[in-house]
Amino acid sequence: MDTRPPQPFQDLLDLKEDPEDLSDLGSLGSPPASDGALEHPWATYEGASSEEDAPRAPPSPVPPKPQLRFEISSEDGLRVTSATIEGAWRGVIEKVQEARASARLRNLSFAGMSGLRLLGMQHDAVTFLVEQLPGAGSCRGYRFRYHPRRDPPRAPQMNPSGCARAELYLRKCTFDMFSFLASQHRCLPRGPPPREEEEDEVQLKPTRRAASLELPMAMRFRHLKRTAKEAVGVYRSAIHGRGLFCKRNIEAGEMVIEYSGIVVRSVLTDKREKFYDSKGIGCYMFRLDEGEVVDATMHGSAARFINHSCEPNCYSRVIQVEGAKHIVIFALRRILAGEELTYDYKFPIEEPSAKLPCNCGAKRCRRFLN
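What comes next is a walk through the structure. (Residues numbered from 1 in each chain as written. Predicted model: local features only at pLDDT ≥ 70, side-chain atom pairs only at ≥ 80, totals over all residues. Heavy atoms only, no water.)

Quick look at helix α3 (residues 85–102)
Between its first and last C-alpha atoms α3 spans 26 Å; for 18 residues at 1.5 Å apiece the expected length is 26 Å, and the two agree. Every buried residue belonging to α3 is among I85, G87, A88, W89, G91, V92 and Q97, and all of these are buried. Looking at the buried positions of α3, the neighbouring elements they touch are β1 (70–73), β2 (79–82) and α4 (115–119). (Helix = DSSP H or I, 4+ residues; strand = E, 2+ residues; numbered from the N terminus. Expected span 1.5 Å × (residues − 1). Buried < 20%, exposed > 50% of the residue type's maximum accessible area, 1.4 Å probe, protein only. Contact = heavy atoms within 4.5 Å.)

Observations regarding the pairing of strand β10 (residues 314–321)
By the bridge criterion, 8 bridges tie β10 to strand β11 (residues 324–331) in an arrangement that is antiparallel. Paired with V321 across the strands is A324, a residue of β11. Between the antiparallel neighbours β10 and β11 lie 2 residues, among them E322 with a positive phi of about 55°. (Pairing = 2+ DSSP bridges.)

Details of the packing of aromatic side chains
Counted according to the given criterion, the structure contains 10 aromatic pairs. Taking 5.8 Å as the distance between ring centres and 70° as the angle between the ring planes, the aromatic pair formed by Y284 and F305 counts as edge-to-face. Within this pair, whereas Y284 is found in the loop between α9 (269–279) and β7 (285–287), its partner F305 is found in the loop between β8 (292–295) and β9 (307–308), the two being separated by 21 residues in sequence. In this structure, Y284 and F305 share a single accessibility class: buried. Aromatic side chains F286 and Y343 sit 6.2 Å apart centroid to centroid with 45° between the ring planes, which places their arrangement in the tilted category. With F286 in strand β7 and Y343 in strand β12 (residues 342–343), this pair connects stretches of sequence that are 57 residues apart. Of the two residues, F286 and Y343, neither departs from the other in class, the shared state being buried. Aromatic ring contacts, followed pair by pair, group Y259, F286, Y343, Y345 and F347 into a single cluster. (Phe/Tyr/Trp six-rings, centres within 6.5 Å; stacked < 30°, edge-to-face > 60°.)

Thoughts on the side chain of T342
Note that T342 resides in strand β12. When sequence neighbours within four positions are dropped, the list of residues in contact with T342 reads I239, I306, N307, H308, S309, E311, P312, N313 and C314.

A few points about the sheet that holds β11
A sheet is described by the order of its strands in space; here 3 strands give the open sequence β5-β11-β10, paired in antiparallel fashion. Edge positions in the open sheet fall to β5 (255–259) and β10, since each of these has one partner strand only. Put simply, the sheet's adjacent strands are angled 35° from each other on average, direction ignored. Here β5 runs beside β11; their pairing, made up of 4 bridges, is antiparallel. Bridging from a neighbouring strand, I257 pairs with I329 of β11. Packed on one face of the sheet, helix α8 (residues 217–231) meets β5, β10 and β11 and runs near 85° to β5. (Axes fitted to C-alpha atoms, helices over the stretch in contact; angles between N-to-C directions.)

Quick notes on the pairing of β1
With 4 bridges joining them, β1 and β2 adopt antiparallel strand pairing. Each residue of the ladder has a partner; that of S73, found in β2, is R79. Hairpin connection of β1 to β2: 5 residues between the antiparallel strands, including G77 at a positive phi of 100°.

Side note on the sheet that holds β7
Across the sheet, 3 strands lie side by side as β6-β8-β7; this open sheet has antiparallel pairing. Two strands close off the open sheet at either side, each with one partner strand: β6 (262–265) and β7. Direction aside, the axes of adjacent strands within the sheet are offset by 30° on average. One ladder, built from 3 bridges, connects β7 with β8; its direction is antiparallel.

Re the pattern of salt bridges
When the charged atoms of two side chains lie near each other, side chains of opposite charge can form a pair. Scanning all chains against the criterion turns up 8 salt bridges. Between R334 and E251 there is a salt bridge whose closest N-O contact spans 3.2 Å. Of the two residues, R334 is situated in the loop between β11 and β12 and E251 in the loop between β4 (242–246) and β5; the sequence distance between them amounts to 83 residues. Take R334: its relative accessible area is 36%, and that puts it in the partly exposed class. Note on E251: relative accessible area 30%, which makes it partly exposed. (Salt bridge = Lys/Arg side-chain N within 4 Å of Asp/Glu carboxyl O.)

Overview of the side chain of E258
Tracing the sequence through the fold places E258 in strand β5. Overall, E258 belongs to the buried group, its relative accessible area being 16%. Here the side chain of E258 touches H326 through a polar contact of 2.9 Å, side chain to side chain. Once residues within four sequence positions are removed from consideration, E258 is found in contact with F221, L224, K225, S301, A303, H326, I327 and V328. (Polar contact = N/O pair within 3.5 Å; in protein donor to acceptor, adjacent residues only side chain to side chain.)

A look at the environment of L78
Looking at the element boundaries, L78 is found in the loop between β1 and β2. Of the residues examined, L78 reaches a relative accessible area of 27% and is grouped as partly exposed. Once the C-alpha coordinates of L78 and V92 are considered, the two residues, 14 residues apart in sequence, prove to be 8.4 Å apart. Leaving out residues up to four positions away in the same chain, L78 has contacts with I72, S73 and K95.

Considering unusual backbone geometry
With a phi angle near 55°, E322 is a residue other than glycine that sits in the positive phi range. As for its position among the elements, E322 is in the loop between β10 and β11. We classify E322 as exposed; its relative accessible area is 74%. In this structure, K346 is a non-glycine residue whose phi angle is positive, near 55°. Here K346 is to be found in the segment after β12.

All we've got here are geometric facts, nothing functional implied.
Encoded structure:
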């Protein structure tokens, strides 16, 4: 069995036995002599033992990026190159100014002139043609003047809850089941031409005779149900939302329309009004007497759309026909075709904090409904 130490350790032991050699070496960390007489004992075992000392491959060259260069040249040898259009024209302007100064000419003023304008790109005809070049649609920061760029359709955003049907729907506006009546596309009725007015009077003569003041109230009321729809209509109103307008001329004292609906007790009006408010539905009620009220909100005639006016052309009256009470609207004066029907709501006077503004626009407007 070989018990000799390894070769490096054997060399160190030999050095310890010779003190003169140790004195020549000096300190352990000192470098060897320049003449190379004494060599470090570990020199024979030095070498590339790690990956860091291994030779590295040269880095791959980065391909040059495309660049846009502007060059302006002429036949007499002038040539200017720049990375921007402004720089290219600036070089041309400097050359022109130098040539004029050498010829003792006054310098030209180029104030307000840009590179695009000098190049002619701001001309309408040039802009119209350049916007049609292939690839012009790839310009993101340019605002097209004649050929707008059409963006590709975007994918819909992901719903956070996964399904829109599982979310709570919040209504953006108050529900109005009669919004179609206030459409701007429904035109107001126009009266007949003057030459046809006599023929219209002859055709409606029997009907108007039935609704005249000379006949009994019950007979006039029965004819009213058949003629009310032909005489009035609901259209957009300048006073408030929708209003009732007459389609033909109505004489003074003539029955116009009945305010119909569901007859309920007075004690239920507050409960019904709160229910309609919770649903966002407008409330239409008319007091018949002290104990009963006509509720025309859900089931009623077009008379519920008659607006208030401080100078009305109609009035309301409660009549009794065959033992039943009815609210009928009468004409206060002669009403021409296309005129809006109004009557006085006669609301009780309330405190200033609970006042309702009036929008009738009459000359003698009281400014408030109550």
